[in-house]
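Notes for the structure review
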Amino acid sequence: MESWKPVAEELFTWPDDNPSLIAGRCGDCAAVAFPLRPGCPRCGGTAMRRELLERDGVLWSWTSQGFRPKAPFSGSLLGAGAEPWYVGLVEIGGKIRVESLLTGVGENDLEIGMPLRLKVIPFHTDESGDTIAAFAFEPATAAQTTEAANA
Ligand SMILES: [Zn+2]
């Protein structure tokens, strides 16, 4: 896993056993934005400070997508015979909603308000054969089961 390369720099902490999304908090109005960008989306201020988000969130809304996700998820994610992918808005810490791939779920598993946890997943393989990693959220119950199995 340590050799995986993040799909974009400054998106999540990596390599990291407990990866976190990298957001920014505005020094002027305290708005939190993800991903971290130089300007505040709320007030236009430029005093954005790096702030890591909690790994746990809840599902706010979701959709299944039969088309190629937008950046930063562009890539060869949807190969031939691709399974359906789910994209959700995940509310983290009651302060921000992050658009994310959902993993380890089927349509019948998805429930608004369900607890989710951040996970870094292999996303695609680039020309040099390196694994490119992206972030996703999986059901928190699945995360706990995985951790118990690895303990
Ligand atoms: Zn601001």
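Scroll up for the structure.
Residues numbered from 1 in each chain as written. Predicted model: local features only at pLDDT ≥ 70, side-chain atom pairs only at ≥ 80, totals over all residues. Heavy atoms only, no water.

Re the pairing of strand 5 (residues 56-65)
Here 3 bridges tie strand 5 to strand 8 (residues 115-125), and the two strands are oriented antiparallel to one another. By the bridge assignment for strand 8, G57 is matched with L116. Sheet topology note: the strand 5/strand 6 (residues 85-92) ladder contains 7 bridges and is antiparallel. Bridging across to strand 6, L59 finds its partner in V90. (Pairing = 2+ DSSP bridges. Helix = DSSP H or I, 4+ residues; strand = E, 2+ residues; numbered from the N terminus.)

Description of the sheet that holds strand 3 (residues 32-33)
The 3 strands are arranged 3-2-4 in an open sheet whose pairing can be described as antiparallel. At either margin of the open sheet sits one strand with a lone partner, and together these are strand 3 and strand 4 (48-52). By the bridge criterion, 2 bridges tie strand 2 (residues 22-26) to strand 3 in an arrangement that is antiparallel. Within strand 3, the residue paired with R25 across the bridge is V32.

Examining the pattern of salt bridges
This structure, assessed with the given rule, holds 9 salt bridges. Here R25 makes a salt bridge to E51, at a shortest N to O gap of 2.7 Å. Of this pair, R25 sits in strand 2 while E51 is found in strand 4, placing the two residues 26 residues apart along the sequence. With a closest N to O distance of 3.7 Å, E54 and K95 form a salt bridge. Here E54 is found in the loop between strand 4 and strand 5, whereas its partner K95 is found in the loop between strand 6 and strand 7 (96-102), with 41 residues between them in sequence. What makes E54 partly exposed here is its relative accessible area of 40%. Taken together, the shared-partner salt bridges connect R25, E51, E54 and K95 into one network. (Salt bridge = Lys/Arg side-chain N within 4 Å of Asp/Glu carboxyl O. Buried < 20%, exposed > 50% of the residue type's maximum accessible area, 1.4 Å probe, protein only.)

A short note on the coordination of the zinc ion
Bound to the zinc ion on the protein side are C26 (SG), C29 (SG), C40 (SG) and C43 (SG), at distances that span 2.3 to 2.4 Å. Coordination at the zinc ion is tetrahedral: its 4 donor atoms span angles of 105 to 114 degrees at the metal. One chain supplies every donor for the zinc ion, spaced along it as C-x2-C-x10-C-x2-C. Taken together, the positions of C26 in strand 2 and C43 in the loop between strand 3 and strand 4 put the pair 17 residues apart, joining distant regions of the chain. By relative accessible area, which is 2% here, C26 ends up buried. Residue C43 is classed as partly exposed on the basis of its relative accessible area, which comes to 42%. (Donors = N, O, S within 2.8 Å, 3.2 Å for Na, K, Ca; no water. Tetrahedral: all angles 85-135°; square planar, octahedral: opposite > 155°, others 65-115°.)

Quick word on the packing of aromatic side chains
Using the criterion set out here, one finds 5 aromatic pairs in the structure. Ring centres 6.2 Å apart and planes at 80 degrees place the aromatic pair F12 and W14 in the edge-to-face group. Arranged with centres 5.6 Å apart and planes meeting at 85 degrees, the rings of F34 and F135 form a pair that is edge-to-face. Of this pair, F34 sits in the loop between strand 3 and strand 4 while F135 sits in strand 9 (residues 131-139), placing them 101 residues apart in sequence. The class for F34 is buried, based on a relative accessible area of 15%. You can call F135 buried: its relative accessible area is 1%. Each member of the aromatic cluster is reached from another via a ring pair, and the members are W4, F12, W14, F34 and F135. Over the ring of W60 we find R97; its NZ or CZ atom is 3.4 Å from the centre of that ring. (Phe/Tyr/Trp six-rings, centres within 6.5 Å; stacked < 30°, edge-to-face > 60°. Lys NZ or Arg CZ within 6 Å of the ring centre and 35° of its normal.)

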